[in-house]
Each structure stands twice: as structure tokens, then as C-alpha cells.
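Structural description and commentary
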Amino acid sequence: MTVILIGLAAGIISGMGIGGGAILIPALVIFVKPEQHIAQSVNLLFFIPTAIVALVIHIKNKNVNFRMGIPIVISGLVGAVLGSKLALSMNGTALKCIFGVFLLLMGLYEIFGKGRKKKVNNV
Amino acid sequence: MAFSGRTARYLKYILIGIAAGVANGLFGSGGGTIAVPAMVFLLDAEEHKAHATALLIILPLTIVSVYFYLTNNYVDWNITWKAMVGGVVGGAIGAFLLNKCPSKILRKIFGIFMILAAIRMIF
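Residues numbered from 1 in each chain as written. Chains lettered and ligands numbered in written order. Predicted model: local features only at pLDDT ≥ 70, side-chain atom pairs only at ≥ 80, totals over all residues. Heavy atoms only, no water.

1. Quick notes on the overall build of chain B
Looking only at helices and strands, one finds 5 helices and 0 strands in chain B. Seen in sequence order, chain B has helices and strands lined up from the N terminus as α-α-α-α-α. Taken over the C-alpha trace, chain B has a radius of gyration of 17 Å; the compact-globule value for 123 residues is 14 Å, which it surpasses by more than 25%. Reported as C-alpha extents along the three principal axes, the dimensions of chain B are approximately 50 × 40 × 35 Å. Burial status across chain B gives 46% buried among its 123 residues. Each charge sign in chain B was given a centre, from 10 positive and 4 negative side chains, and these centres are 4 Å apart. (Helix = DSSP H or I, 4+ residues; strand = E, 2+ residues; numbered from the N terminus. Rg over C-alpha atoms; globule rule 2.2 N^0.38 Å. Buried < 20%, exposed > 50% of the residue type's maximum accessible area, 1.4 Å probe, protein only. Lys, Arg positive; Asp, Glu negative; His and termini not counted. Charge placed at Lys NZ, Arg CZ, Asp CG, Glu CD.)

The structure is reproduced here in C-alpha cells:
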């Protein structure tokens, strides 16, 4: 039941566009206490069905920029392999600590980050 | 931006991709948190198009990372399916609430939660 409630909360937050993983992973680690790698894989799997549905809607609404997205995807795949291998080579405690630092930075960005001001002229 | 040439633009694509991929694979989340502001600030993308394009970018990266987590047995289906059930319901609620709540204030509230969770995870 705890897990379903955490999923519910993370779903509400990601439905509002705030990034559910930033809530899902720490909430699981703090309340359900799985190993850090497990918590991370829950979020990765959790993201797939939701992202497919949202992506289809965004493509239909012509909000996806393929010219910009495709080259980023290609280099991103290299990054994903590197990042995953790095995560799997670490022990859970170290990974949890690094994740905590990343979460701290994301939290600060949520509080202090501002959307870009409209540029007057695009040079 | 000092450079506006083609090479500079492709260099930015590559850097954004690798950074988003490494974060997403290493932390099981956060790729979008990096990709969205990077596209807005470095590539002059519109905010809502950057959000939509980030999904196109993160989805394949997530699938690659899931493969590595799966083959290393870092997946707990019992936690995952419960989180997904909650997440689907929550996602619908969140999308509904999006037009009713000011997300600016919510971001700050969740930012504080993220920082508290981060501190708990680090120490």
C-alpha cells in the first residue's frame, strides 16, 4: 500500500510537469528501504509507459522538435550506456550518497531556477 | 552566444545528450531535468517544445538503461508494478490539477521536499 501511495504522489507531481522521479526514488528509499539500484530501476521502468503516452500526444500536437531531438538522442545513448555501467559498478551506499547530492542540486534549481526571459532579438 | 555556427550547435547537441544520458543512467532519473533547461538556454528552444522534445530524448535512453539494470538483476517487480498503478492514477490527477493550481508555488514546495530528502539520503 505504501508503494502505491508513493506512486500516486509521484504520478500527480509528474502529471503537473515537476519530475516524478525526484520524489519517487527518495520516497521509496526512505519509506520502503529498497537497495538504491532497485529504487532507481523502479523509476526507469515507471517512466516508460507514461512517457510513451505523453510522447504520442506531444507528437500529434507538433510540439516535438525532431531536428533538435534526434542528434541529442544519438549522443544520449552513449551517455546512457556510460551512466548505467557506472551506476552498476558502484555499491548502493555510495550511489545513494551521490544521488542525494544530485537531488539537492535539483531541489535548489526548483526553488531558485527561473524560466528564460524572452529574447528581444535572436542573434 | 559567441558561436552560432553549425559546428557549435552540433557540439551542444552532443554535450546535452551525453550529460542527460549519464545522469539518467547513473541516477535512474534526472535526464529531463538536465535536457529541458539545456535546450532552452543553449539552443533557444521554447519551453513547452523543450519539455516535449525531452520526452523523445529520455525515452530511448531509459530503455537502454533499463536493459542494463534488468540484466544485472536490479529490478524488483513487486515494487515496480505497485508504483506504476499509483503512478497512472496520479498522473491523471496531476494533469487535471495542472490547470487549477499555480505550479510556481508547487515547484518551490517540492524543491524544499527534495532538499530535505537529499539531506536525509546523504547523511
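Let us keep going from here.
2. Concerning the packing of helix α1 (residues 2–15) of chain A against helix α2 (residues 21–32) of chain A
How two helices sit against one another is set out by the angle between their axes and by the gap between those axes. Residues and elements named next belong to chain A. Running from amino to carboxyl end, α1 crosses α2 at an angle of 160°, the nearest separation of the two axes being 9 Å. One finds that α1 runs roughly antiparallel with respect to α2. Handedness of the crossing formed by α1 with α2: right-handed. Of α2, the residues touching α1 (which contributes T2, V3, I6, G7, A10 and I13) are I23, L24, A27, L28, F31 and V32. Here the contact of α1 with α2 is built from residues that sort into 10 nonpolar, 2 polar and no charged. (Axes fitted to C-alpha atoms, helices over the stretch in contact; angles between N-to-C directions. Parallel < 35°, antiparallel > 145°, perpendicular 65-115°, else oblique. Left-handed = near helix turned anticlockwise from the far one by under 90°. Contact = heavy atoms within 4.5 Å. Nonpolar A, V, L, I, M, F, W, Y, C, P; charged D, E, K, R; others polar.)

3. What about α1(A)?
Here α1(A) is 14 residues long and its end C-alpha atoms lie 20 Å apart, about the 20 Å a rise of 1.5 Å per residue gives. Those residues of α1(A) lying buried are A:V3, A:I6, A:G7, A:A10, A:G11 and A:I13. Seen along its axis, α1(A) keeps its buried residues to an arc of 165°; they face one direction. Check the buried side of α1(A) and you find it contacts α2 and α3 (36–60) of chain A together with α4 (77–97) and α5 (103–122) of chain B. One or two positions beyond α1(A), positive phi appears at A:G17, with a value near 80°. (Expected span 1.5 Å × (residues − 1). Arc of directions from axis to C-beta.)

4. So, the pattern of salt bridges
Where charged atoms of side chains with opposite charge meet at close range, the side chains can pair. Under the definition given, this model contains 1 salt bridge over all chains. Residue B:R107 pairs with A:E110 through a salt bridge whose shortest N-O separation is 2.7 Å. One end of the pair, B:R107, is in helix α5; the other, A:E110, is in helix α5 (residues 92–112), on a second chain. A relative accessible area of 10% places A:E110 in the buried class. (Salt bridge = Lys/Arg side-chain N within 4 Å of Asp/Glu carboxyl O.)

5. Description of the confidence of the model for chain A
Residues and elements named next belong to chain A. Overall, the predicted model of chain A reaches an average pLDDT of 90, with 93% of residues at or above 70. For chain A, per-element mean pLDDT is lowest for α1, which scores 92, and highest for helix α4 (residues 66–89), which scores 97. Every residue in residues 118–123 is under pLDDT 50, and counting partners more than four places away or in other chains gives 2 contacts. (pLDDT = per-residue confidence, 0-100.)

6. Some thoughts on the side chain of A:N63
With respect to the helices, strands and loops of the structure, A:N63 is situated in the loop between α3 and α4. For A:N63, the side chain forms a polar contact with the side chain of B:H48, separated by 3.4 Å. When residues no more than four places from it in sequence are discounted, the contact partners of A:N63 are A:H58, B:H48, B:K49, B:A52 and B:T53. (Polar contact = N/O pair within 3.5 Å; in protein donor to acceptor, adjacent residues only side chain to side chain.)

7. A few points about a nonpolar patch on the surface
All names here are of chain A. Side chains of I59, F66, I70 and I74 sit close together on the surface and give an oily, nonpolar patch of about 350 Å² of accessible area. Among the elements that line the nonpolar patch, the one with the most residues is α4, at 3 residues. The topology assignment puts I74 in helix α4. (Patch = residues over 30% accessible without salt bridge, like charges linked within 9 Å, V, L, I, M, F, W, Y side chains within 5 Å. Areas by Shrake-Rupley, 256 points an atom, 1.4 Å probe, with all protein chains shown as cover.)

8. Quick word on the environment of B:Y69
By secondary structure assignment, the location of B:Y69 is in helix α3 (residues 47–71). Residue classification places B:Y69 among the buried positions, given a relative accessible area of 0%. When the C-alpha atoms of B:Y69 and B:A38 are compared, they prove to be 27 Å apart, with 31 residues separating the residues in sequence. Not counting residues up to four positions away in its chain, the partners in contact with B:Y69 are A:H37, A:Q40, A:S41, A:L44, A:S84, A:A87, A:L88, B:G25, B:L26, B:G28, B:Y74 and B:V75.

9. Comments concerning the packing of aromatic side chains
Counted by the stated rule, this structure contains 5 aromatic pairs over all chains. Ring centres 4.3 Å apart and planes at 10° place the aromatic pair A:F102 and B:F27 in the stacked group. Of this pair, A:F102 sits in helix α5 while B:F27 sits in helix α1 (residues 6–27), placing the two residues on different chains. The exposure class of A:F102 is buried, given its relative accessible area of 12%. Seen in terms of ring centroids, B:F110 and B:F113 are 6.2 Å apart; in terms of plane orientation they differ by 40°. Their pairing is tilted. You can see B:F110 and its partner B:F113 sitting in helix α5, 3 residues apart, about one turn around the helix. An aromatic cluster of three or more residues is present, and its members are A:F99, A:F102 and B:F27. (Phe/Tyr/Trp six-rings, centres within 6.5 Å; stacked < 30°, edge-to-face > 60°.)

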